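Residue-level structure breakdown
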Amino acid sequence: MLDLAYLIPLLPLIGFAIIGLGNKKLPKFLVGLIGCGSILGSFLIVLSLLIGITSGSIPNATTISYFDWINAGSINLSMSFLIDPLSVMMMTIITGVGFLIHLYSAGYMSHDEGFARYFAYLNLFVFSMLMLVMGSNYVVMFAGWEGVGLCSYLLIGFWFKNTNYNNAAKKAFIMNRIGDLGFLLGMILIFVTFGSLNFSDVFSQAPQIMKANYEVGIAITLLLFIGATGKSAQIPLYTWLPDPMAGPTPVSALIHAATMVTAGIYMIVRSNVLYTMAPFTLDIIMVVGIVTALFAATIGLFQNDIKKVLAYSTVSQLGYMFFALGLGAYTTGMFHVTTHAFFKALLFLGAGSVIHAMSGEQDIRNMGGLRKKLPITFWTFVIGTVAIAGIPPFAGFFSKDEILAHAYERSPLLWGLGVLGALMTTFYMFRLLFLTFSGSFRGTEDQKSHLHESPISMTLPLMVLAVLSIIGGFIGVPEVLGGTNWLANYLAPVIATVGEKEVHALSHSTELTLMKISTSLVFLTIIIAYIIYVSKKIMPLPEGKESGIQKLIYNKYYIDELYDSIIVKPLRLLSDFSGKILDNTIVDGIVNGVGKSVEVGSKVLRYSQSGSISNYLFIMVIGIIIMLVINLIK
Amino acid sequence: MQDLLTNSLNGYIFLASILFTIGILGILIRKNIIIIFMSIELMLNAVNLLMTAFSVHHNNSDGQVFVLFIMAVAAAEVTIGLAILVMIYRNTGSVNIDELKKMKW
Amino acid sequence: MDKFIFLFLAAVAILSALSVIFAKSPVYSVLSLIITFFAMAGHFVLLNAQFLAIVNIIVYAGAIMVLFLFVIMLLNLNKESEPQKPFYIKLVACIAGGLLLITLVGATRGSITVNGDALMATNNAIDIGSVEKIGQELFTNFLIPFEISSVLFLSAMIGAVMLGKKDLKHT
């Protein structure tokens, strides 16, 4: 099955080509079939690879080269894929969750006239993401990296007739680009230091070279991390993620919950050898991660748009993942990536189902009491919320607890901050749940008459994802609870053992105690939320009536406005200056000036052709005299 | 003869130069086309004189044959020139050299 | 003696040349030019270029000047009605002419020395201007230009006739 590996990214690419070229001509049914079918095909192949790796029939790190891509001087890059546990794990998530989302989109977007275009973009996105995770050198990864940035721009600005959506898409793309600059610089430094960009070359040489050039190593890892912050929406490049909820909800599910934002994490885990040799960067990652987690959680407490709450929750969870990476727990980070993919995709798709039922309404203050009208959506949403809150035995519990355990190893303060973030997560998620589904309906009569459960194509993925959210945690059950940490063993060949901290330094009893504390606090928070929003029915304030700190947080700490005034406005001024003055006046002036000077010159010279013969004769005589004089002088 | 020539070759050169200059003056000063033609004839004559003097000086009759040809060409040129002059007079009624000085629009 | 003749002829030539350009009436200019041509013929005789002297008179004074007179009489151009050029143009022209003269004289001054006339000592020197000699040169070395000059005359005749025709097509 290994030789079919090239089909994995190829099938979505073919799907993109077919759908993209036959945009208006193919019937919707066919488009949906091709779009979902290609991803399903890739998924099946990936499954076979997964089975092969776990059973050991495929060696742990296989590099398959297809063709020589760049051959210039000392740079020799080939288009080659690396099949190892980490990449196969990411591929499974991408194709599996991606397939479910494609299925969901077939139902969600069935009324949209850009149906074929949407599926084409989705397929292109899956292709780029697969390239990203399958690459065996930094350049192929970067190509996929750019590709997903492009596709996210295309998909966010999908309804391009709205200027606000276009602006949001532009913002996302530009912020991604800033991160990409860091990535590119990091790549260049890697090439200069290590002499090659292949993973195998870099990682085998890493220990010696990193020890020798410590500062360069710090620079490389920091630059790569900047790229990761751009793609995975950490501080300071996170403001793009809540805005692009302008795109269709399945897009948010796929891109921003499950796959693209995890690209940064994948990249760091892949380069874990480099990072373990640069503890300074790891500390920075950890601090950025936890700060982002807390920061975004506070904003999420007061948002009133379903998708915005989920977006800030995504930023916060990503912060947790980076937090884990910063602590050196790479496997835990990947674990959380997996479980987060499941329950966040579930939550987004559920929100999409709610929005679909409410005919486009997204403000939770106008919802309520939807439990009876949308039963399947409600129950799956409950499962997702419970998973994200970290209640055992659902998926989120295991991954989050592992992060907290590692945090406690480092310092109890970090553990406390992590728990605080978890509690805030619980609070706002349950707030969302209660405000949306329980109580009485607060919307308009028109919306009430349209309320209906979504079609099977939308509810089936919800159910599948709900099941995964329940059982997904079992791949990483820690020893303390009696399981074998299957995931850690699975990823062990990939994570270097130099200075790695997978081995728990905590005793089992400490771990159990920590778990009990956090779980009980979570339950407490749920009860508080229930009391506030269900029993006492305290509504969030309508627009414009917040005050004080609430207003500050509700407006996202005015960070967007800050960026606008510091960065965007000067850039605008600069480009205006360049456009109007430099381009129009100076450059055009020079070009036009040449033409004008020729015109003026010819006007002046025209007078020498007077037509008067006596003038001509006179000039002739003068010419003769001059010639004779010159001859004489010579 | 010998004395005559050796002293006078410079003289012939001076004479030819003066006559040539007078011809040039005639072109520049006068506006009547006929006078200008005559000045041109004067210049040609000055050159004839010079050529003959040099041919005698070098004892080569090439110079004098060339003078013959110059005269032939001068005759042809005067013919055509006067025909053009007649045309100009018919069309414009005057023989001023500055009469036809409007260039094409 | 010869020198005296030379100077006399030179003076006549220069004076009549000056009156060509400064005369008021065109007929006076023509007459002055004829006198100049006679003076030139005299110079040619002094140089022992007999053929050229005669040809000068026949062609120039006899044919060309008569043609000029015909045209002047035909078009009745005798009256001096042309406006004079402004004074400054005349001044500038004189200056230009003077410059030209100075240049020419300066270019040729002292270029001929006595020893360059060694050729004059031969006896043949006397004959090179005679008709036989010219004829010999003309019909052996310069045959082609001679024949082509006949074509030249033909084209001049045709041109003159064509130019002189009155346009019968236009009203």
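What you are looking at is a predicted structure, and each value in this text was computed from that prediction instead of being measured. (Residues numbered from 1 in each chain as written. Chains lettered and ligands numbered in written order. Predicted model: local features only at pLDDT ≥ 70, side-chain atom pairs only at ≥ 80, totals over all residues. Heavy atoms only, no water.)

Let's shift gears to the overall build of chain C. Helix and strand counts for chain C stand at six helices and zero strands. Ordered by position from the N terminus, the helices and strands of chain C form the series α-α-α-α-α-α. Counting all 171 residues of chain C, 37% fall into the buried class. Partitioning the contacts of chain C with sequence separation of at least 6, the portion at a separation of at least 24 is 57%. (Helix = DSSP H or I, 4+ residues; strand = E, 2+ residues; numbered from the N terminus. Buried < 20%, exposed > 50% of the residue type's maximum accessible area, 1.4 Å probe, protein only. Contact = heavy atoms within 4.5 Å.)

Residue and element names in this part refer to chain A. As enumerated under the stated definition, the model contains six cavities of 30 Å³ or more in all. Roughly 70 Å³ of internal volume is contained in the largest cavity. Considering the residues around the largest cavity, the lining is formed by Ala389, Gly390, Phe397, Lys400, Asp401, Leu404, Val419, Ala422, Ser518 and Val522. Looking at the lining of the largest cavity, the elements that each hand over two or more residues are α16 (395-410), α17 (412-437) and α21 (508-535). With four residues, the top contributor of residues to the lining of the largest cavity is α16. (1 Å grid on protein atoms, 1.4 Å probe; cavity = no way out; pocket = protein on both sides within 12 Å on 5 of 7 lines; lining within 4 Å. Points joined across faces, edges and corners; volume = space filled by probe spheres on them.)

Another aspect to go through is the packing of helix α13 (residues 306-326) of chain A against helix α14 (residues 330-357) of chain A. All names here are of chain A. The geometry of α13 relative to α14 is characterised by a closest axis approach of 9 Å and an angle of 175° between their N-to-C directions. Accordingly, the angle class assigned to the pair α13 and α14 is roughly antiparallel. Contacts between α13 and α14 involve Ile306, Lys307, Leu310, Ala311, Ser313, Thr314, Gln317, Tyr320, Met321, Ala324 and Leu325 from the first element and Tyr330, Gly333, His336, Val337, His340, Lys344, Leu347, Phe348, Ala351, Val354 and Ile355 from the second. Among the residues making up the contact of α13 with α14, the classes are represented as 14 nonpolar, six polar and two charged. (Axes fitted to C-alpha atoms, helices over the stretch in contact; angles between N-to-C directions. Parallel < 35°, antiparallel > 145°, perpendicular 65-115°, else oblique. Nonpolar A, V, L, I, M, F, W, Y, C, P; charged D, E, K, R; others polar.)

Chain A puts eight residues into the contact, and the matching count from chain C is nine residues. Taking both sides of the interface into account, the surface hidden between chain A and chain C amounts to around 630 Å²; carbon and sulfur atoms contribute 89%. For the chain A face of the interface with chain C, the top three residues by lost area are A:Ile625, A:Leu628 and A:Leu632, together amounting to 59%. Remark: the boundary between chain A and chain C carries zero residue pairs in polar contact (both at pLDDT 80 or more). Classifying every residue of the side of chain A that touches chain C by side-chain character gives seven nonpolar, one polar and no charged. (Buried area = accessible area lost by both parts, 1.4 Å probe. Polar contact = N/O pair within 3.5 Å; in protein donor to acceptor, adjacent residues only side chain to side chain.)

We now examine helix α6 (residues 163-194) of chain A. Helix length check: α6(A) (32 residues) gives 46 Å between terminal C-alpha atoms against 46 Å at 1.5 Å per residue, within 8%. Phi for A:Gly195, located one or two positions after α6(A), is positive at around 80°. (Expected span 1.5 Å × (residues − 1).)

With that out of the way, let us pick up the pattern of salt bridges. Residue and element names in this part refer to chain A. With the rule as written, the count across this model stands at two salt bridges over all chains. One salt bridge connects Glu146 with Arg177, and the closest N-O pair in it is separated by 2.4 Å. Of this pair, Glu146 sits in helix α5 (residues 138-156) while Arg177 sits in helix α6; the two residues are 31 residues apart in sequence, bridging distant segments of the chain. The shortest N-O distance in the salt bridge between Asp180 and Arg177 comes to 3.4 Å. Of the two residues, Asp180 and Arg177 both sit in helix α6, three residues apart, roughly one turn of that helix. (Salt bridge = Lys/Arg side-chain N within 4 Å of Asp/Glu carboxyl O.)

At the interface, 80 residues of chain C touch 73 residues of chain B. Summed over both sides, the interface between chain C and chain B buries roughly 7,200 Å², with carbon and sulfur atoms accounting for 77% of that surface. Contact with chain B buries area across many residues of chain C, yet C:Ile21, C:Leu47 and C:Phe68 alone supply 10% of it, more than any other trio. Counting across the interface, chain C meets chain B through zero salt bridges. Scanning the region where chain C abuts chain B turns up three residue pairs in polar contact (both at pLDDT 80 or more). Those elements giving two or more residues to the side of chain C that touches chain B turn out to be α1 (2-22), α2 (26-46), α3 (50-75), α4 (87-108), α5 (131-140) and α6 (143-164) of chain C. In terms of residues, the side of chain C that touches chain B owes the most to one element, α4(C), which gives twelve residues.

Residues and elements named next belong to chain A. By size, the foremost hydrophobic cluster in this structure holds 181 residues, and its most contacted members are Met91 and Tyr138. With 17 residues, the top contributor of residues to this core is helix α4 (residues 115-134). Sequence-distant contacts of Tyr138, defined by excluding residues within four places in its chain, comprise Phe183, Met187, Ile190, Leu197, Phe199, Phe203, Leu224, Ser271 and Leu274. (Core = buried A, V, L, I, M, F, W, Y, C linked by side-chain atoms within 4.5 Å.)

The next thing to look at is the environment of A:Ser520. With respect to the helices and strands, the residue A:Ser520 is situated in helix α21. Of note is the side chain of A:Ser520, whose polar atom sits 2.8 Å from the backbone oxygen of A:Ile517.

Our focus in this paragraph is the confidence of the model for chain C. Residues and elements named next belong to chain C. Confidence in the prediction of chain C, expressed as mean pLDDT, is 82, and 83% of residues score 70 or more. Per-residue pLDDT stays below 50 along residues 115-124; that stretch engages in 14 contacts with residues further than four places along the chain or on separate chains. Reported confidence for the predicted complex is 0.87 by ipTM and 0.66 by pTM. (pLDDT = per-residue confidence, 0-100.)

Turning next to the confidence of the model for chain A. Residues and elements named next belong to chain A. Per-residue pLDDT for chain A has a mean of 77; in total, 83% of the residues score no lower than 70. Between the elements of chain A, mean pLDDT differs from a low of 62, seen in helix α22 (residues 549-554), to a high of 86, seen in helix α24 (residues 613-633). Here residues 497-502 scores under 50 on pLDDT; set against residues more than four positions off or in separate chains, the count is 13 contacts.

Moving on: unusual backbone geometry. Even without a glycine there, the phi angle at C:Asn48 is positive, about 65°. Note that C:Asn48 resides in the loop between α2 and α3.

A pair of packed helices can be characterised by two numbers: the angle between their axes and the separation between those axes. Residue and element names in this part refer to chain A. At their nearest, the axes of helix α12 (residues 279-300) and α13 sit 7 Å apart, and the two run at 160° to each other. Between α12 and α13, the interaxial angle falls into the category roughly antiparallel. Once α12 is placed against α13, the crossing between them reads as left-handed. Residues Leu282, Ile285, Met286, Gly289, Ile290, Thr292, Ala293, Ala296, Ala297, Ile299 and Gly300 of α12 touch α13, and the partners they reach there are Val309, Tyr312, Val315, Ser316, Gly319, Tyr320, Phe322, Phe323, Leu325 and Gly326. Tallied by class, the residues present in the contact of α12 with α13 amount to 15 nonpolar, six polar and no charged. (Left-handed = near helix turned anticlockwise from the far one by under 90°.)

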